[in-house]
Amino acid sequence: MSEVAGLLHGPNFPVAGVPARLAFHGEHLRVTLEGGAFEDVPAESLEVTVTGFDDDTLQLAWGTHGHTHAVTIADSGAQRVLLDHAPASIAKQLARGHSTVHWHRRKWKVVIGVLASLALLALVAWWQSEAITMWAANHVPLETEISIGDGALAQLKTKHQLTQEGLAAATVADIGARLTAGSRYQYRWYISDDREVNAFALPGGIVVVNAGMIEAVSSAEELAGVLAHEVQHVEYRHTLQQMIHTAGWAAVLAVVLGDVSAVTTIVLHQLGNLRNSRKLEAQADVEGMKALARADIPLGGLVSLFKRLEDQQRRRGGEGIALLLSHPATEERIAELEQLAGTLRCGCRPLGVDWPAVQASVKQLQPKVEK
Amino acid sequence: MSWQYRIEGSDLQYVELTLAPGDSAIGEPGAMMYADDGVSIATHMGDGDDSSLGSRLSAGFKRSLTGENFFSSVFTNSTQQPLRVSFAAPSPGKIIAVDLDSVGGALICQKGAFLGGTRGIRVGLAFKKRLRAGMFGGEGFIMQRLSGSGTVFIHASGTLAAIELRAGEQLKVDTGCLAALQTTVNYDVKYVGSLKTSMVGGEGLFLASVKGPGTVWLQSLPLQRLRAAITGMSQSRALAPRLLYLGVVIFIVIATLIGKRP
C-alpha cells in the first residue's frame, strides 16, 4: 500500500498541522505520525472538501468524541495516489474533490485560452476580410438581393422620375439585353430625369441611366461601354460586397439588438454613397470588355467617353462630373482598357442606332418637382 | 535560528532587532529608522539574495506588483559584536512577527504588508484565482506570498487580531480587513444574503469568508477606510460613486427578479 504525505490538524496540534503519512487499508484510512500510528478512520465517515488559499488542497475531515480532525493533502501527485487506492465508499467523493481542485488549477488557462483564440479569430477575420465579405455576398439569396434593389429603387423614385418607356429606355434595354444574354438576373432598365452625367446598377439587376448621361454620350457604342461595365457590378455582386464591407459592424450590432429595420436603413443609406474599390472596378472593366466582345459590340466606347469627359472636366474646372467621381479615369486605367481591347477577338459591328433621336427623346423628361 | 527583537510603540510602531555577528536582514527601502554604525546597508534588486540577474529581475517585478519596492535593502552586521537595526511602520497600525517555519514555510499577506525579515525570504505573488474573491473580496487579485525560512515582520493598519481556525471552521470577515492568512486557509467571498442588509446595513454586498484549518490575522482599520474617514471630513461626499453603487444595486435586484421568474 503506498503512503502519501499530508498534514494532520486537530484540537491538540499546532494550527499549521503536523506532518502525517496517509494510506488506505481496506475500508480504513490509516493516519501515521512520526511517533507511530495515530488513528484508523473508517472511510465512510470521511468528509471530503477542497481548501487552501489556491483551492488546491484536498481535506478529509472526521469527527471523534466531539472533536474534529482533518488531514490536508496539497500535493497533486499525492492526491492522485490517494484517489487511485481509495475504497469504493469514498472514491466518488474523492474524485469529485480532485476534479474541483483540477478545475481551479486549470480554469485560468481556459479563460486565457478562450481570450487568445478570440483574438486570433478576430485577427484572421481582419486578415481575410475580403474573402469573408465575398463569401457572405455570394450567400445572399437572390430574392433578398432583389428586395434590397427594389427598396433602393423605391427610395430613388421619391426623388427622381424613372421611366421604362420612350425611345431612350428602349435603346438601353436593347443594348442591355445583348450584353446580359444568359444571365441569371432578370434585368430592368430605367431612364432617370437626373441631369448628372451618371449611370449605376442596383443589386438584383436594376440599371439606371441618367438623362444627363444620354446627353453627354456621343454614340450608342459609348453607352454600351458604360452599360457593360455597370452590369458587371450586378453580375459579380460588387454592390453587396461593398455594403457588407462597410455596413458590417453596424449591421451586426443592429441585428444583435434585434432591429432589422435599422439594417435596411443602413443599407439604403449606403447605396447612395457607394464607391467600389479599385479592385472591383478593375474586375468590372475587364469583364465588361469581355461582355462587349461576346455581344459583338465595338470595344472602344468606354475609353473614348472617359477621354472626352476628362477633357471637358479639365476645361470646365470646378464641379466634377459624377461618373468620373465614382469611376476615376486614370491614365493607367485607360491604358489597361486599350490594351485589353487589343487582345480580345471581336466580330464587332456598329450598333446602327440613330443617336441624335435618342438624345432628343430624353429632352422631354422633366425633372421631378421637389415637394 | 530565532531572532532577538522587540516591537515598540502602541499604535505607531517600530521594531528593533539585534543582528548577531555575520547576520543580515532585509527590509523595504525607506523602512529603516536607525541602525548602529557598524551595520552596512546595500541595495539589491529583488529579494536581496545571490541568484542570477534574470531571477532577480523577475523577483523585483513580482515585488513591485505586490505593492513593494523593486529593490530591497540588505542590512549586514560585519563586526564582531551584536548590532541593532530598526524598521518603522509606514502608517498607524501594528507590526507582528511571524515565524515562517511555524506556519508551514509560507504566509499570504495583503499587498504592501511586508516590512522586513530574515535575508533569504522571498516576496512572491499570490494570485487569487477565484474571480468573485478577487473582485469583491477587498484584497484584489494580487496578494503577497512570503516564503522561506525565518522571521518576517508584517505591518497592518489598526489593531491586529490573530484568530486560529480549526479544520472546517468558518469566519465572516468584512472585506478589506484580511491582513494575512496561512496558505491552508481557504478564502472566498459570500453574498450578504439580504438586499436590505447590503443596502442599509453598511457591510456592502459581499463579505469575505475564511475557512480553517489555519490562522488568519485581521486588521481593525483598513487604510481605505481610514482614508475615507479623513477625506470625508475634509470635503462633502461625492455623489457619483454613491449613484454608481445605487445603479449596481438596482441592476442586481433586476437580475435577481429575472432569475427567479419561472
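Data block above holds the structure.
Residues numbered from 1 in each chain as written. Chains lettered and ligands numbered in written order. Predicted model: local features only at pLDDT ≥ 70, side-chain atom pairs only at ≥ 80, totals over all residues. Heavy atoms only, no water.

What to know about the state of the cysteines
Residues and elements named next belong to chain A.
- Tallied over the entire structure, the rule returns one disulfide over all chains.
- Through a disulfide, Cys346 is tied to Cys348; the S-S separation comes to 1.6 Å. Between Cys346 and Cys348, the S-S torsion sits near 110°, and that sign places the bridge as right-handed. (Disulfide = S-S within 2.5 Å.)

Structural notes on the pairing of strand S3 (residues 24–27) of chain B
Residue and element names in this part refer to chain B.
- The alternating pattern of S3 places Ser24 and Ile26 and Ala25 and Gly27 on opposite faces, both of which are buried.
- Where S3 meets strand S10 (residues 114–118), three bridges bridge the pair, whose relative direction is antiparallel. Paired with Ala25 across the strands is Thr118, a residue of S10. (Buried < 20%, exposed > 50% of the residue type's maximum accessible area, 1.4 Å probe, protein only. Helix = DSSP H or I, 4+ residues; strand = E, 2+ residues; numbered from the N terminus. Pairing = 2+ DSSP bridges.)

Re the interface of chain A and chain B
- If you look at the interface, chain A gives 17 residues, while chain B gives 29 residues.
- For the pair chain A and chain B, the two sides together bury roughly 1800 Å², of which 57% comes from carbon and sulfur.
- Contact with chain B buries surface across chain A, with Val15, Phe53 and Trp108 of chain A losing the most and accounting together for 43% of the total.
- For the interface between chain A and chain B, the tally reads two salt bridges.
- A salt bridge links Asp54 of chain A to Arg145 of chain B; its shortest N-O distance comes to 2.9 Å.
- Between the two partners, chain A and chain B, sit eight residue pairs in polar contact (both at pLDDT 80 or more).
- Secondary structure elements with two or more residues in the side of chain A that touches chain B: strand S5 (47–51), strand S7 (67–73) and helix H2 (88–127) of chain A.
- Looking at the side of chain A that touches chain B residue by residue, the classes come out as six nonpolar, eight polar and three charged. (Contact = heavy atoms within 4.5 Å. Buried area = accessible area lost by both parts, 1.4 Å probe. Salt bridge = Lys/Arg side-chain N within 4 Å of Asp/Glu carboxyl O. Polar contact = N/O pair within 3.5 Å; in protein donor to acceptor, adjacent residues only side chain to side chain. Nonpolar A, V, L, I, M, F, W, Y, C, P; charged D, E, K, R; others polar.)

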